[in-house]
Amino acid sequence: MTQLKAWCRHAGVLLALAGLPGMALAQQADPKEWQLNMGKGVTHTARMAYEAHMVALWVCVVIGVIVFGAMGYAMFKFRKSKGAVAATFSHNTTAELIWTIVPVIILVVMAWPATAKLIAMYDTRDSEMTIKVTGYQWMWKYEYLGQGVEFTSRLDRGSDQMRQSGQVPTVASNPHYLLDVDHPLVLPVDTKIRFVITADDVIHSWWVPALGWKQDAIPGLINEAWTNIEEPGVYRGQCAELCGKDHGFMPIVVRAVSKAEFQQWLATQKPDAPAAPAPAEGSPAPDVTPEQAAPAASASVAPAATEAAPASPQA
């Protein structure tokens, strides 16, 4: 019961942040007040999804206007109060052919570009870097493959303390309640990034709406996805698969920065480099004169000779 109350409180806060009764919650992590349509996102993938959505929306609008317009006209024009008499026929072959063939043509026209976009969404070729995402109860682990950098990301302490205190947060005091983490995933903009996604315990789902895709994290399986963020900024998401009692407290934060800033950040996350880097392979040895080499050689040999000489017996 306590956990159920926490879930309800979590959902209520998110709806308050959205400013809408649930509609904008599924569109992007930081929706605008009174937002009705889905967000365009900040990636090519998100834009393709938005464009496909808008095509389908306007097709439905046109069909709705025609169908409901014809219904309204028929009900008003041929109403019983004006003495209209209903027709007695039951079938019309021409009408049945029209309302069968026309919808098929519409579906084919819509399916062609949608299929091309769907194929492009799964094309991870020519990626410039790879991020491994592993879901745990209840946090995420990120590994920059080939870079030697990895860390875990979990709910930030402020949100965790607030949710356990029983207090009701406000938008002013906690603008990103339950949507902040201690270590965000830092990514460069204008870079095709491949994600390999899995889980260690149960099924999770990595979802950042602004990136335009969602991918399940399944133990024992590796799923792929890719992104190319076009605008710097902070983009938030959540685990989208019911993964246990703390499923509602497993946010995702992506911080997109310029390529130069990303390289600086990546350098700070790597293990300490050696003090004197080794010379590049094939580079010529430094010039040393015989006079410089002799003292150095004698200095290196003398201690060894001293250590090897036996101690003289005492009288």
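Since we're looking at a predicted model, the values are computed, not measured.

Enquirer: Mind showing me how you'd approach the packing of helix α2 (residues 44-77) against helix α3 (residues 93-121) here?
Expert: A pair of packed helices is characterised by two quantities: the angle between their axes and the separation of those axes. The N-to-C vectors of α2 and α3 enclose an angle of 170 degrees; their axes lie 10 Å apart at closest approach. Taken together, the axes of α2 and α3 lie roughly antiparallel to each other. Across the interface between the two elements, Thr45, Met48, Ala49, Glu51, Ala52, Ala56, Val59 and Ile63 from α2 touch Ile106, Met110, Lys117, Ala120 and Met121 from α3.

Enquirer: I tried to follow the pairing of strand β2 (residues 139-144) on my own but got confused; where do I start?
Expert: Every other side chain in a regular strand lies on the same face of the sheet, so the side chains alternate between the two faces. Along β2, six of the six residues are buried, which leaves the element largely enclosed by surrounding structure. A two-sided burial pattern is seen for β2, the buried positions comprising Met139, Lys141 and Glu143 on one face and Trp140, Tyr142 and Tyr144 on the other. The antiparallel pairing of strand β1 (residues 129-136) with β2 creates a hairpin that spans two residues between the two strands. Inspection of the sheet shows β2 paired to strand β3 (residues 149-153) by five bridges, in the antiparallel sense. Paired with Glu143 across the two strands is Glu150, which belongs to β3. Between the antiparallel neighbours β2 and β3 lie four residues, among them Gly146 with a positive phi of about 85 degrees.

Enquirer: Just to check I follow, could you spell out the confidence of the model for the protein for this structure?
Expert: Detail in the predicted coordinates should be disregarded across regions flagged by low pLDDT. When pLDDT is averaged across the protein, the result is 79; 76% of the residues are at 70 or more. Ignoring residues within four places in sequence, the model shows residues 1-29, a span with pLDDT below 50, making 55 contacts including any to other chains. Confidence over residues 285-315 falls short of pLDDT 50; this stretch has one contact with residues more than four positions distant or in other chains.

Enquirer: Can you help me understand the nonpolar core in this one?
Expert: Nonpolar side chains tend toward joint burial in soluble globular proteins. Grouped together as the largest cluster of nonpolar side chains are 36 residues, with contacts concentrated most on Ile131, Trp140, Tyr144, Leu185, Phe195, Trp206 and Ile229. Contact partners of Ile131, with chain neighbours within four places excluded, come to Glu143, Tyr144, Leu185, Leu187, Ile193, Arg194, Phe195 and Val196.

Enquirer: Before we go on, may I ask you to explain α3 in this structure?
Expert: An α-helical segment advances 3.6 residues per turn. Residues three or four places apart therefore align on the same side. Taking 1.5 Å of rise per residue, 29 residues should cover 42 Å, and α3 covers 42 Å from first to last C-alpha, within 8% of that figure. Between the side-chain oxygen at the start of α3 and the backbone nitrogen of Thr94 there is a gap of 3.1 Å, and the oxygen is on Asn92.

Enquirer: Is there a simple way to explain the sheet that holds β3 in this structure?
Expert: Strand pairing within a sheet occurs via backbone hydrogen bonds; the two strands may be parallel or antiparallel. With respect to topology, five strands assemble into an open sheet ordered β3-β2-β1-β5-β8, the strand pairing being mixed. Two strands bound the open sheet, and with one partner strand each, they are β3 and β8 (223-227). Averaged over all adjacent pairs, the angle separating strand axes in this sheet is 20 degrees, with direction ignored. For β1 and strand β5 (residues 193-199), the ladder comprises seven bridges, and the chain directions are parallel. For Lys132, the partnering residue across the bridge sits in β5 and is Val196.

Enquirer: Would you mind showing me how to read the environment of Ala111 here?
Expert: Tracing the backbone shows Ala111 in helix α3. Ala111 sits in the partly exposed class, given a relative accessible area of 37%. Distance from Ala111 to Ala52, taken between C-alpha atoms, is 9.6 Å for residues 59 residues apart in sequence.

Enquirer: Help me out: how do you make sense of the sheet that holds strand β4 (residues 185-188) in this one?
Expert: One open sheet holds the five strands; their spatial order is β4-β10-β9-β6-β7, and the pairing between them is mixed. The open sheet has two edge strands, β4 and β7 (213-217), and neither has a second partner. The average angle at which neighbouring strand axes cross in this sheet is 25 degrees, direction not considered. Two elements, β4 and strand β10 (residues 251-257), share four bridges in a ladder whose sense is parallel. The partner of Leu187 across the bridge, within β10, is Ala256.

Enquirer: What's the story with unusual backbone geometry in this structure? I'm lost.
Expert: It is generally the case that most residues other than glycine have a negative phi and that most peptide bonds are trans. Between Gln137 and the following residue, Trp138, the backbone shows a cis peptide bond with an omega angle of 0 degrees. Relative to the helices and strands, Trp138 resides in the loop between β1 and β2. Within the chain, Asp126 stands out as a residue other than glycine whose phi angle is a positive 65 degrees. Summarising the element assignment, Asp126 is placed in the loop between α3 and β1. The phi dihedral of Leu178 falls on the positive side, at around 65 degrees, and the residue is not glycine. You can see Leu178 is positioned in the loop between α4 (157-165) and β4.

Enquirer: What's the story with the packing of aromatic side chains in this structure? I'm lost.
Expert: For any two aromatic rings, the description comes down to two numbers: the centre-to-centre distance and the angle of the planes. Enumeration according to the criterion identifies ten aromatic pairs in this entry. Judged by centre distance (6.3 Å) and plane angle (90 degrees), the rings of Tyr73 and Phe78 are edge-to-face. Across the pair, Phe78 and Tyr73 agree in class, each one exposed. With a centroid separation of 6.2 Å and 85 degrees between ring planes, the pair formed by Phe151 and Trp265 is classed as edge-to-face. Taken together, the residues span a long stretch of sequence, with Phe151 in strand β3 and Trp265 in helix α5 (residues 259-269) at a distance of 114 residues. Site record: aromatic cluster; members linked through ring pairs are Tyr142, Tyr144, Phe151, Phe262 and Trp265. Cation over ring: Lys192 sits above Trp226, and NZ or CZ is 4.6 Å from the ring centre.

What counts and how
- Residues numbered from 1 in each chain as written.
- Predicted model: local features only at pLDDT ≥ 70, side-chain atom pairs only at ≥ 80, totals over all residues.
- Heavy atoms only, no water.
- Axes fitted to C-alpha atoms, helices over the stretch in contact; angles between N-to-C directions.
- Helix = DSSP H or I, 4+ residues; strand = E, 2+ residues; numbered from the N terminus.
- Parallel < 35°, antiparallel > 145°, perpendicular 65-115°, else oblique.
- Contact = heavy atoms within 4.5 Å.
- Buried < 20%, exposed > 50% of the residue type's maximum accessible area, 1.4 Å probe, protein only.
- Pairing = 2+ DSSP bridges.
- pLDDT = per-residue confidence, 0-100.
- Core = buried A, V, L, I, M, F, W, Y, C linked by side-chain atoms within 4.5 Å.
- Expected span 1.5 Å × (residues − 1).
- Polar contact = N/O pair within 3.5 Å; in protein donor to acceptor, adjacent residues only side chain to side chain.
- Phe/Tyr/Trp six-rings, centres within 6.5 Å; stacked < 30°, edge-to-face > 60°.
- Lys NZ or Arg CZ within 6 Å of the ring centre and 35° of its normal.

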